[in-house]
Amino acid sequence: MEFSRRRLIIGTVGVAAAGCTTSTPDVSGSSAATTEVAETATEPAVVEPTTTTEPARLLVDAPPYSGSFPFALGVASGDPAADSVVLWTRLISSHEQATPLTEGDLEVAVDVSFDDGFEDLVTSSIHVAPREFGHSVHAIAESLPSDTWFYYRFRIGEHTSPVGRTRTTPEPGSLGTAALRFGFSSCQNWESGEYGAHRHLAGEDLDLFVWLGDYIYEYGPGNAGDLPSVGQRQHNSSEVFTLDEYRGRYALYKSDPALQDHHGAHPWIVTWDDHEVDNNHAGTATEDGQAGEPFAARRAAAYQAWWEHMPVRVPPPQPQSDFVIYRSVEWGDLVALHMLDGRQFRSPQPTDGEAVSLPGLGNIGVRQLSDDARNPENSMLGQVQREWLESTVDASTAIWNALGNQVYMHGLNAFVGEVASINTDSWDGYFGERQELLESIGGPDRNLIVLSGDFHSSTAAEVRSDPFDLSGPIMATEFMAPAISSTFPEQLRAFAPLVLGLNPQIRNFSPDNGYMTCEVTEATWTTRLHTLNDVTDAATAVSVAMEFTVMAGQAGVATIN
Ligand SMILES: [Fe+2]
């Protein structure tokens, strides 16, 4: 189906010309949607002004619906551009509801306004919530003024959704009217803790939020794999494999009020990591290297459920096709954020290096650095994505280029020895590709910032082409955000000081939960580490533990406070 089946627009007067293209590269095939809106926006439903007084903007009637309140998962927005933004909801009456509300498609009204009372309307239109996609809605609000905040809501029958707040980006060529402020994090295992981090993020003064993966965990109750279950909450089913099971898992996570509030507070830009499908999978193979139909079907179900629940500007996945979610979002000419997919196109993790056991932990994916890891053909991104990234960064006119990336790139040598010991799931397992990539898109004066997550701990670090050769130039600066709730294994905390002593490229390490925020200007990139007092307490306090500064034109962490 097409991405956005908008069939009616009323009251679009007073906004920019319809049919503007977005400032993000079109990896979504969404030009059809753009064309459609351009056509519908000229329909006679728009009131013709007869005086210089602007005519009233009209609310469309809510489509008929007689069921119970269908906005149990809240609302969200995402992938902002200078003239448009994606507005999301999914119509179900409870996160425990297993069957769809109806056997057919539903329709909802979508209102966008300058004010939260919806008196100064921008648009009001009807969108389809297809049964095929779990009655999810991905409405693109278009022809919006740039660098502006809006409010949005959905209506059906007598029901109105919570009100969300979102915004557009500055125009291409502009640096915006103020510093860009955004947050980022990853990893929110339901069983490992509460979402106090989201509660605080919803109240932060941020333009947007970047999610770097592990939105859900696929495990069954009390079976968190290598992750301790320290919280009170339990998963709602055994390990998930089917579309309905993945849907149920997303619905459970999205039932959390703090997460809903955070989605409603500002637009999100999301990518995935491994747990949206299966722990440490690579491409079409499981963690254990098993490829073939059972896993292919599982991955397809996981991809569809992810699309149904995320406010993303990409079309839904098609059977037997790659699902391209890598894309760029530009904040004027200040920051170009390139969201990467480090899972779908991965080569299997290298296994030719000798496995290294850690005392008390056994083999947790640490191996000696090997020939396969050093082979640049062993790819985390896949050739097509890598070429896209290199050409996109090369063509970028932004002052800062940032990678929205899953796993750490700064390198981590786990043991002293002749041969480095590495986590093969990280960029260290794709050592050769990283080297070539950084030499292509990084450099001491290239203003490349790497954002990462996954490791349930946080770092501020300097990235070199060979991270274990400190004589090389710094090619990028990396900030790895702490996890929202997933915890750092208690046994590993004892190793942290030793490991850090062997890895001077890592300028700071913290095993605490929380998030990071960034404040970006032409001259400086400032990242703040926010840590929680108690991840098991939904009302936990949070504090700024550290602040790091990067100066434009000079890769590396310039100051730490
Ligand atoms: Fe994780």
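Residues numbered from 1 in each chain as written. Predicted model: local features only at pLDDT ≥ 70, side-chain atom pairs only at ≥ 80, totals over all residues. Heavy atoms only, no water.

### A look at the overall build of the protein chain
The helix and strand tally for the protein chain stands at 10 helices and 25 strands. Taking all 561 residues of the protein chain together, 60% fall into the buried category. Taking the intrachain contacts of the protein chain between residues at least 6 apart in sequence as the baseline, contacts between residues at least 24 apart amount to 73%. Entry remark: accessible area of the protein chain is about 20000 Å², with carbon and sulfur atoms responsible for 49%. (Helix = DSSP H or I, 4+ residues; strand = E, 2+ residues; numbered from the N terminus. Buried < 20%, exposed > 50% of the residue type's maximum accessible area, 1.4 Å probe, protein only. Contact = heavy atoms within 4.5 Å. Areas by Shrake-Rupley, 256 points an atom, 1.4 Å probe, with all protein chains shown as cover.)

### Structural notes on the coordination of the iron ion
At 2.1 to 2.5 Å from the iron ion lie its protein donor atoms, namely Cys187 (SG), Asp214 (OD), Tyr217 (OH) and His456 (NE2). Seen from the iron ion, its four donor atoms lie at angles of 85 to 172°, and the figure they make is irregular. Sequence spacing of the donor residues for the iron ion, all on one chain, is C-x26-D-x2-Y-x238-H. With cysteine 187 in the loop between β10 (180-185) and α2 (196-203) and histidine 456 in the loop between β18 (448-452) and β19 (458-463), the pair connects residues that are 269 residues apart, well separated along the chain. Here the two residues cysteine 187 and histidine 456 agree in accessibility, since each one is buried. (Donors = N, O, S within 2.8 Å, 3.2 Å for Na, K, Ca; no water. Tetrahedral: all angles 85-135°; square planar, octahedral: opposite > 155°, others 65-115°.)

### Quick notes on the packing of aromatic side chains
Applying the stated rule across the entire model yields 28 aromatic pairs. With a centroid separation of 6.3 Å and 35° between ring planes, the pair formed by phenylalanine 182 and phenylalanine 184 is classed as tilted. Aromatic side chains tryptophan 272 and phenylalanine 323 sit 5.8 Å apart centroid to centroid with 55° between the ring planes, which places their arrangement in the tilted category. Of this pair, tryptophan 272 sits in the loop between β12 (268-270) and α5 (293-309) while phenylalanine 323 sits in the loop between α5 and β13 (327-331), and the two are 51 residues apart along the sequence. Using a relative accessible area of 2% as the deciding quantity, one classes tryptophan 272 as buried. The exposure class of phenylalanine 323 is buried, given its relative accessible area of 2%. (Phe/Tyr/Trp six-rings, centres within 6.5 Å; stacked < 30°, edge-to-face > 60°.)

### Here's the deal with the confidence of the model for the protein chain
Averaged over all residues, the pLDDT of the protein chain equals 88, while 88% of them reach at least 70. Across residues 1-52, where pLDDT falls below 50, the model places 106 contacts with residues more than four positions away in sequence or in other chains. (pLDDT = per-residue confidence, 0-100.)

### A closer look at the layout of surface pockets
Taken as a whole, the second largest pocket holds about 440 Å³ of empty space. Lining the second largest pocket are 20 residues, with Ala296, Ala300, Gln318, Pro319 and Gln320 sitting closest to its centre. Across the lining of the second largest pocket, the residue classes tally to 10 nonpolar, six polar and four charged. (1 Å grid on protein atoms, 1.4 Å probe; cavity = no way out; pocket = protein on both sides within 12 Å on 5 of 7 lines; lining within 4 Å. Points joined across faces, edges and corners; volume = space filled by probe spheres on them. Nonpolar A, V, L, I, M, F, W, Y, C, P; charged D, E, K, R; others polar.)

### What to know about the environment of leucine 337
Tracing the backbone shows leucine 337 in strand β14 (residues 335-339). Along the sequence, leucine 337 and alanine 398 sit 61 residues apart, while their C-alpha atoms lie 9.5 Å from each other. Here leucine 337 is in contact with Val210, Ile269, Arg327, Ser328, Val329, Ala402, Leu403, Gly404 and Leu451, once residues within four sequence places are set aside.

### Brief notes about unusual backbone geometry
Although it is not a glycine, aspartate 214 adopts a positive phi angle of roughly 65°. Inspection of the secondary structure assignment puts aspartate 214 in the loop between β11 (208-211) and α3 (243-254). With a phi angle near 55°, asparagine 280 is a residue other than glycine that sits in the positive phi range. Its place among the elements puts asparagine 280 in the loop between β12 and α5.

### As for the pattern of salt bridges
Within this structure, the stated rule accounts for 23 salt bridges. The partner of arginine 327 in a salt bridge is aspartate 79, and the shortest N-O contact between them spans 2.8 Å. Separated by 248 residues along the polypeptide, arginine 327 in strand β13 and aspartate 79 in the loop between β2 (75-78) and β3 (85-90) bring together distant segments of the chain. A relative accessible area of 3% places arginine 327 in the buried class. With its nearest N and O atoms 2.8 Å apart, the salt bridge here joins glutamate 308 to arginine 247. Here arginine 247 lies in helix α3 and glutamate 308 lies in helix α5, a separation of 61 residues in the sequence. Its relative accessible area of 0% is what places glutamate 308 among the buried residues. Linked by salt bridges that have partners in common, Arg181, Glu519, Arg528 and Glu547 make up one network. (Salt bridge = Lys/Arg side-chain N within 4 Å of Asp/Glu carboxyl O.)

### Quick word on the environment of alanine 81
By the element assignment, alanine 81 lies in the loop between β2 and β3. In sequence terms alanine 81 and serine 146 are 65 residues apart; their C-alpha atoms lie 8.0 Å from each other.

### Focus on the side chain of serine 485
By the secondary structure assignment, serine 485 is in the loop between β20 (476-480) and α9 (490-493). For serine 485, a relative accessible area of 0% puts it in the buried group. At 2.9 Å, the side chain of serine 485 and the backbone oxygen of asparagine 189 are in polar contact. Contact partners of serine 485, with chain neighbours within four places excluded, come to Cys187, Gln188, Asn189, Ser192, Gly193, Glu194, Tyr195, Asn513 and Val535. (Polar contact = N/O pair within 3.5 Å; in protein donor to acceptor, adjacent residues only side chain to side chain.)

### Section: the sheet that holds β18
Here seven strands make up an open sheet; going across it, the order is β13-β14-β16-β18-β20-β19-β21 and the pairing mixed. The sheet is open, and its two borders are formed by β13 and β21 (506-510), each paired with just one other strand. Each strand axis lies, on average, 20° off the axis of its neighbour in the sheet, ignoring direction. Note: β14 against strand β16 (residues 400-404), five bridges, orientation parallel. Paired with methionine 339 across the two strands is glycine 404, which belongs to β16. Docked against the sheet, helix α7 (residues 383-395) engages β13, β14 and β16, running at close to 180° with respect to β14. (Pairing = 2+ DSSP bridges. Axes fitted to C-alpha atoms, helices over the stretch in contact; angles between N-to-C directions.)

### Describing the environment of leucine 500
Counting through the fold element by element, leucine 500 comes out in helix α10 (residues 496-501). Excluding its chain neighbours within four sequence positions, the residues that come into contact with leucine 500 are Ile506 and Phe509.

### What to know about the nonpolar core
As a rule of thumb, nonpolar side chains are buried together in soluble globular proteins. Formed by 41 residues in total, the largest nonpolar core has its most connected members in Tyr215, Tyr246, Trp306 and Phe323. Those elements giving two or more residues to this core turn out to be α2, β11, α3, α4 (257-265), β12 and α5. If one sorts the elements of this core by residue count, α5 sits on top with seven residues. If sequence neighbours within four positions are ignored, tryptophan 306 has contacts with Tyr250, Val270, Thr271, Trp272, Glu276, Val312, Phe323 and Ile325. Counting 28 residues, the second-largest nonpolar core is a separate cluster that includes Leu180, Val210, Ile449 and Ala481. (Core = buried A, V, L, I, M, F, W, Y, C linked by side-chain atoms within 4.5 Å.)

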